[in-house]
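Observations on the three-dimensional arrangement
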Amino acid sequence: MLAAHVFSSSRAMIPEKALIMSGYGINSEMETQEAFLRAGMASDIVHINDLIAGRQRLSDYRLLVFPGGFSYGDDTGAGNAYANRVRNNLWDDLLEFLDGDNLVLGICNGFQILANLGLVPAFDKKYSRDIALMPNRGGRLECRFVTIKPAAENIWTHGIVKLWCPVSHGEGNFSCSPETLQRIRKHRQIAFSYCREDLSPAGGEYPFNPNGSVEDIAGIISADGKVLGMMPHPERAMEFTNLYDWPLLREQQRRSGERIPDESLNMAIFHNIAGYFA
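As the structure is a prediction and not an experimental result, all values here were calculated from the model.

1. With respect to the pattern of salt bridges
Applying the stated criterion to the full structure yields 17 salt bridges. Linking Glu239 and Arg38 is a salt bridge whose minimum nitrogen-to-oxygen distance equals 2.8 Å. Taken together, the positions of Glu239 in the loop between strand E11 (227-230) and helix H7 (246-256) and Arg38 in helix H1 (residues 29-39) put the pair 201 residues apart, joining distant regions of the chain. Between Arg254 and Glu251 there is a salt bridge, with its nearest N and O atoms 3.0 Å apart. With Arg254 and Glu251 both in helix H7 and three residues apart, this pair spans about one turn of that helix. The network of salt bridges with shared partners includes Glu16, Arg62 and Asp101.

Here is the structure:
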């Protein structure tokens, strides 16, 4: 498990910066920016219109983040309208960014945007739409804490045993063809899977798997490992006191003589990203 990090204003900041995308209906920019700040990586929140107009340049950054929300109201499908704006106006810049030693992260609606753009699973760097985040099997918005665990070791999951963070989506049911699933498995592209509190597989059972995702998939990476899409929101529970059961955990740690942490285990993924560039 990654060691606990205590945030302070004196934290050494790495020189690389993140670009956090904004736009109509995106609603998790500030939490995402704060999580990266605590991990030692500065960022700018940039509206998609400013990128299209050339007022900001993607090439000035090393990390591109599509945060959560309901972009353009998801009126034409979850993340679809935002993905079309990217493809129709920023595609060449994005391809150049992907060719460099850069990373891309999509959380919740951001994962849906990545899926629509074909940035995951992106077999052989062919950006076709091979997966979909379908309506939840239960037919309603799911807003609850879930436990997820790494399904493979990579730059995103390094040192992580589990994350315990919220989901908040109506369309998170990971779906794909059997052929695509086989390729994702073969190339170890499943990054996180839903599980029970004891880390045993969710087995598709609700509420451990909150949306019916095939093989309990909560997040996948691109074939080259540089893009991660995930449905749960680690940035929405970055502090120890954000955890649903923090009073119980505090008492257990106090009685056992353990130090009560300032941040939650969910910060590990942000430390991994900053650490990659550091």
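2. Let's talk about the sheet that holds strand E6 (residues 142-150)
One open sheet holds the nine strands; their spatial order is E2-E1-E3-E4-E11-E10-E9-E6-E7, and the pairing between them is mixed. Because the sheet does not close on itself, it has two edges, and the strands there are strand E2 (43-47) and strand E7 (163-169). Taken over all neighbouring pairs, the strand axes of this sheet differ in orientation by 25° on average, direction set aside. Relative to strand E9 (residues 190-195), E6 is paired through four bridges, and the arrangement is antiparallel. Residue pairing for E9: Ile148 is matched across the bridge by Tyr194.

3. Focus: the packing of H1 against helix H8 (residues 268-277)
The N-to-C vectors of H1 and H8 enclose an angle of 60°; their axes lie 9 Å apart at closest approach. Considering their axes alone, H1 and H8 lie oblique with respect to each other. Of the two elements, H1 crosses H8, and the hand of that crossing is right-handed. Contacts between H1 and H8 pair Ala35, Phe36, Arg38 and Ala39 from the former with Phe270, His271, Ile273 and Ala274 from the latter. Its residues assigned to classes, the contact of H1 with H8 shows six nonpolar, one polar and one charged.

About the criteria used
- Residues numbered from 1 in each chain as written.
- Predicted model: local features only at pLDDT ≥ 70, side-chain atom pairs only at ≥ 80, totals over all residues.
- Heavy atoms only, no water.
- Salt bridge = Lys/Arg side-chain N within 4 Å of Asp/Glu carboxyl O.
- Helix = DSSP H or I, 4+ residues; strand = E, 2+ residues; numbered from the N terminus.
- Pairing = 2+ DSSP bridges.
- Axes fitted to C-alpha atoms, helices over the stretch in contact; angles between N-to-C directions.
- Parallel < 35°, antiparallel > 145°, perpendicular 65-115°, else oblique.
- Left-handed = near helix turned anticlockwise from the far one by under 90°.
- Contact = heavy atoms within 4.5 Å.
- Nonpolar A, V, L, I, M, F, W, Y, C, P; charged D, E, K, R; others polar.

These results come straight from atomic positions and should not be treated as a statement about function.
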